[in-house]
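This is what each chain is made of:
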Amino acid sequence: MQSLTREIAKTKELVNTLYSKDFSDLTSGELEKKLSRKVSNWERSTRIYLENTNPFERHRSKLVSAEWDFKAHGGCEESIVSDLEEYKSLQPSANVMFWEEKTLALKKKIEEKKKESIVESLNAIRRNEQEAWRKEYEKQLLEWQLEEIQNRRKQLLKDLKEWLEPLQQMKKVFDDLGIEPGLLWDSSVGKLCTQDISFLKQWAEYLKNNESVRNLCELMGRLHKEQQSHRTEIINSTVQYSVIKPDIHSNEEIVGIKLGRDLVNVIPQELALLSDPDIALLFDLKYVENRLMCFSKQGDNTESVEKIIRKTVSLFDEKMGPMIICVDTSASMSGAPENIAKALTLSLSSRAVSQKRECYLINFSTSIETLDLTPPKGIQDLIDFLKMSFHGGTNVAPALHEGVRMMSEADYKKADLLVISDFALYGLSSNIVSQCKKQKQEGNRFFSLSIGSFDTQRVDEDVFDQNWTYDPLSGGISEINNVVERVTCK
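Residues numbered from 1 in each chain as written. Predicted model: local features only at pLDDT ≥ 70, side-chain atom pairs only at ≥ 80, totals over all residues. Heavy atoms only, no water.

Novice: It is not clear to me how the packing of helix H11 (residues 336-354) against helix H12 (residues 379-387) should be interpreted in this structure. Could you clarify?
Specialist: Two quantities define a packed helix pair, namely the angle between the axes and the distance from one axis to the other. Relative orientation of the contacting elements H11 and H12 amounts to 160°, with a least axis distance of 10 Å. One element, H11, and the other, H12, form an angle in the roughly antiparallel class. The handedness of the crossing between H11 and H12 is right-handed. Contacts from Lys342, Thr345, Leu346, Ser349 and Ser350 of H11 reach H12 at Leu382, Leu386 and Lys387. Among the residues making up the contact of H11 with H12, the classes are represented as three nonpolar, three polar and two charged. (Axes fitted to C-alpha atoms, helices over the stretch in contact; angles between N-to-C directions. Helix = DSSP H or I, 4+ residues; strand = E, 2+ residues; numbered from the N terminus. Parallel < 35°, antiparallel > 145°, perpendicular 65-115°, else oblique. Left-handed = near helix turned anticlockwise from the far one by under 90°. Contact = heavy atoms within 4.5 Å. Nonpolar A, V, L, I, M, F, W, Y, C, P; charged D, E, K, R; others polar.)

Here's what the structure looks like:
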């Protein structure tokens, strides 16, 4: 059992070696926790498997039955022969001639010895062959268990490599995209197919080779505001301090003169009256009238006092506000504009997850598809979302309506909404414009990024707080100076 425990414990060392040797660039506390959980689960499942699985169960049952029979009835020629047959079925190459010869020799000398001596000899033979039988059973069982541990460990290491290799590739993609790997440790990453990883690599290459789009991602990534929540708390604190109070029952020091008849503390001048018989009567009179001058004495007593101070404080909890991204995949966005829009969506949503911001994605043309990128949603869901394209007409109204609806949800109050489109449309209805304006009064913000030759002039200027226009041909971003100033001042 000890060898099994050591063999199972060796797995953790091999996993750590694999991790440090081949995947050292994936250093992450979150990943190491998941890796540790996988190893712990493997150890637990392996122990359960070994406890509940025994390919030699029939032999174990026969052996246990024979051992109980020996305890109850001892040894005899028939039982020894039966045991040896079962022993040979477990190990056909076992040499049982020794016990067979001993049994045969006892049979020949049965008339020459006492019955008690023959019984003891048969018991000794059966005990000895059962010990050999049990050793062989435990040896074969241990060999099988060790082999099973090694096979299961090989499978574990293979599974871990298949899980970590996509992570390693994704890490490089995320590094090339210039974004924090907030989605990288999602459990679904290990289930990504080669096509999904290639899909993300395309965006990485696209951003790597297009500096202006990288600048655009960086600019959009700075779109956030701090969300403050105010609360009032009452804090009770206990203050301890010492107070010195006079103790009249303590005679530590003289503090004055008092009238009385305390003979112990009578002043010397009063006692001098007793030295003259003519005036000694005056001392007696003063004593009777309590008019003798006596020293007044007292001491100090230090007491510990506790005082509860109640204080009301205002606390502000700050966190990054939620984000809503509306990406246009209509026919007019085909080609470079759609690639830019989706690269931006990937960059912004990944950054939002890293910053623990709520992120809601809306894919629109004339209809919409949505994705609330909060757990358990992960990278697989984001890739599936980015693969979608409508290639129809352009109608931003349904996307804005859905964004406004989400702003009424508790998790998306005071959200930043960004519309990425070519704005090849013919204005917005007064109804959706009024809804957006109402949400702006509630602390939400609306931004637009126009990709291509169109701009947002066809949209009511009061809908968006800030507008950008990006030209894919020149790589220019208009109003960028105003935006930078606006973002850094917030």
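Novice: What is the right way to look at unusual backbone geometry in this model?
Specialist: What is expected of a backbone is that most residues other than glycine have negative phi and most peptide bonds are trans. A positive phi angle, close to 60°, is found at asparagine 290, a residue other than glycine. Tracing the sequence through the fold places asparagine 290 in the loop between helix H10 (280-288) and strand E3 (292-320). Phi is positive for lysine 414, close to 55°, though the residue is something other than glycine. Along the chain, lysine 414 falls in the loop between helix H13 (397-407) and strand E7 (416-421). A relative accessible area of 37% places lysine 414 in the partly exposed class. (Buried < 20%, exposed > 50% of the residue type's maximum accessible area, 1.4 Å probe, protein only.)

Novice: Help me understand H13, please; the structure alone is not making it clear to me.
Specialist: Quick reminder: α-helices carry 3.6 residues per turn. Residues three or four places apart thus point the same way. For H13, the set of buried residues is Ala399, Leu400, Glu402, Gly403, Val404, Met406 and Met407. On its buried face, H13 sits against strand E4 (323-328), strand E5 (359-364), strand E6 (368-372), E7, helix H14 (430-441) and strand E8 (445-451).

Novice: I keep staring at the nonpolar core and nothing clicks. Help me out?
Specialist: Nonpolar side chains in soluble globular proteins generally cluster together in the buried interior. If you look at the biggest cluster of nonpolar residues, it comprises 36 residues, and the most contacted ones within it are Leu26, Leu31, Leu160, Trp163 and Leu164. Elements with a minimum of two residues in this core: helix H1 (2-22), helix H2 (29-52), helix H3 (57-73), helix H4 (77-90), helix H5 (97-108) and helix H6 (115-177). Broken down by element, this core gets its largest block of residues, 13 residues, from H6. In terms of nonpolar packing, the next biggest core, distinct from the first, is built from 32 residues, Met333, Phe385, Leu418 and Ile451 among them. (Core = buried A, V, L, I, M, F, W, Y, C linked by side-chain atoms within 4.5 Å.)

Novice: Please explain the side chain of lysine 286 as it appears in this structure.
Specialist: When you line up the elements, lysine 286 lands in helix H10. By relative accessible area, which is 18% here, lysine 286 ends up buried. Excluding its chain neighbours within four sequence positions, the residues that come into contact with lysine 286 are Glu270, Arg291 and Leu292.

Novice: Explanation requested: the environment of methionine 407 in the structure shown.
Specialist: Considering the arrangement of structural elements, one finds methionine 407 in helix H13. Owing to a relative accessible area of 2%, methionine 407 belongs among the buried residues under this scheme. Taking the C-alpha atoms as reference, methionine 407 lies 9.4 Å from proline 322; in sequence the two are 85 residues apart. Contacts of methionine 407, omitting those with residues within four sequence positions, involve Ile324, Tyr412, Lys413, Ala415, Leu417, Gln439, Asn444 and Phe446.

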